[in-house]
Amino acid sequence: MRQLSKFLIAAAVVLGVSATAQAGGLQEPSLHLKKSAAGETRVALTLDACGGHTDSRILTALVDNRIPATIFVTGLWLKRNAVAFAIMRAHPDLFEIENHGARHIPAVDSAVRVYGIRAAGSLEVVDAEVKGGAAAIEKAGGEAPHWFRGATAKYSATSLKQIEALGFRIAGYSLNADGGSLLPAATTARRVAAARDGDVIIAHINQPTHSAGAGLVKGLLDLKARGVTFVRLQDAEEIGS
């Protein structure tokens, strides 16, 4: 197979506060790629594998259409999806594997729930979630990860500092494609197809029964047909946060 050429892209990370009904005041980092000086459209596709199974519609489409992506996997997902992980590892030019935590616990060191999920509650548990996720990837045969995205992608200020002190970059995003895989296919497709140069897309690859997966595939193929260039986070150079 033809090896995809790497694109060196500067990424600007902007940390902002996102209000939520369940956990107000938490920080939700955003991530953008530097705008293309050449006028082309470049986006980074990031997919969360939280738990459960693998959406083969998405994985097959990425391989067949040579669309690179950064996959954030949990230790839980790795235990149940050895075949899918082997496919990803067989295509290192397409898939970058990064850290989504050991048990999909929000990296928040206070006693709150985020979207109904109980947060870590202490920095010790945040530490275990981050380190455990990285260890699970390496145990499964992957390379040591460099990026971390916590469950729900929301953090406390102290947990952000903790994660960065462990040597990880925080993977935010700029375009929420599937609303946690809960959006209808048509809405997901429309959101993805509307991506602009510099967008970092977040979606999910662990919900094979949800219609959002079909919408994601359609939106990605629409972008590809427009000549959009897809890149992975490891192809990006971070210039600020």
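Nothing here was measured: the structure is a model prediction, and the numbers come from that model.

For the rest of this paragraph, the subject is unusual backbone geometry. At R66, a residue that is not glycine, the phi angle is positive and equals roughly 55°. Counting through the fold element by element, R66 comes out in the loop between α1 (56–64) and β4 (69–73). Phi is positive for Y115, which is not a glycine, with a value near 50°. Residue placement: Y115 occurs in the loop between β6 (113–114) and β7 (117–118).

What follows covers the nonpolar core. L47, L62, I71, F95 and I201 are the most contacted members of the largest nonpolar core, which has 35 residues in total. Taken together, the elements giving at least two residues each to this core come down to β3 (42–49), α1, β4, α2 (75–80), α3 (82–89), β5 (95–99), β11 (200–204) and α7 (212–225). Leaving out residues up to four positions away in the same chain, I71 has contacts with L47, A49, M88, F95, E96, I97, E98 and I205. Membership of the second largest hydrophobic core comes to 13 residues, among which are L33, A171, L233 and A236.

With respect to the element layout, G51 can be found in the loop between β3 and α1. Along the chain, G51 and N206 lie 155 residues apart, while their C-alpha atoms are 6.4 Å from each other. Aside from chain neighbours lying at most four places away, what touches G51 is T74, W77, R80 and N206.

A full pass over the atoms with the stated rule returns zero aromatic pairs. Sitting over the face of the ring of F72, R149 holds its NZ or CZ atom 4.6 Å from the ring centroid.

The buried fraction of β3 is high, at eight of eight residues. Burial along β3 is two-sided: the residues R42, A44, T46 and D48 and V43, L45, L47 and A49 are all buried. As judged from the three bridges shared by β3 and strand β12 (residues 229–231), these two strands associate in the parallel manner. Within β12, the residue paired with V43 across the bridge is F230.

Looking now at helix α6 (residues 185–193). Among the residues making up α6, those that are buried are T188, A189 and V192. On an axial view of α6, the arc spanned by its buried residues comes to 100°, and they lie on one face. Those residues of α6 hidden inside the fold are in contact with β11 and α7.

Cut-off values and rules
Residues numbered from 1 in each chain as written. Predicted model: local features only at pLDDT ≥ 70, side-chain atom pairs only at ≥ 80, totals over all residues. Heavy atoms only, no water. Helix = DSSP H or I, 4+ residues; strand = E, 2+ residues; numbered from the N terminus. Core = buried A, V, L, I, M, F, W, Y, C linked by side-chain atoms within 4.5 Å. Buried < 20%, exposed > 50% of the residue type's maximum accessible area, 1.4 Å probe, protein only. Contact = heavy atoms within 4.5 Å. Phe/Tyr/Trp six-rings, centres within 6.5 Å; stacked < 30°, edge-to-face > 60°. Lys NZ or Arg CZ within 6 Å of the ring centre and 35° of its normal. Pairing = 2+ DSSP bridges. Arc of directions from axis to C-beta.

That's the geometry; what it means functionally is another story.
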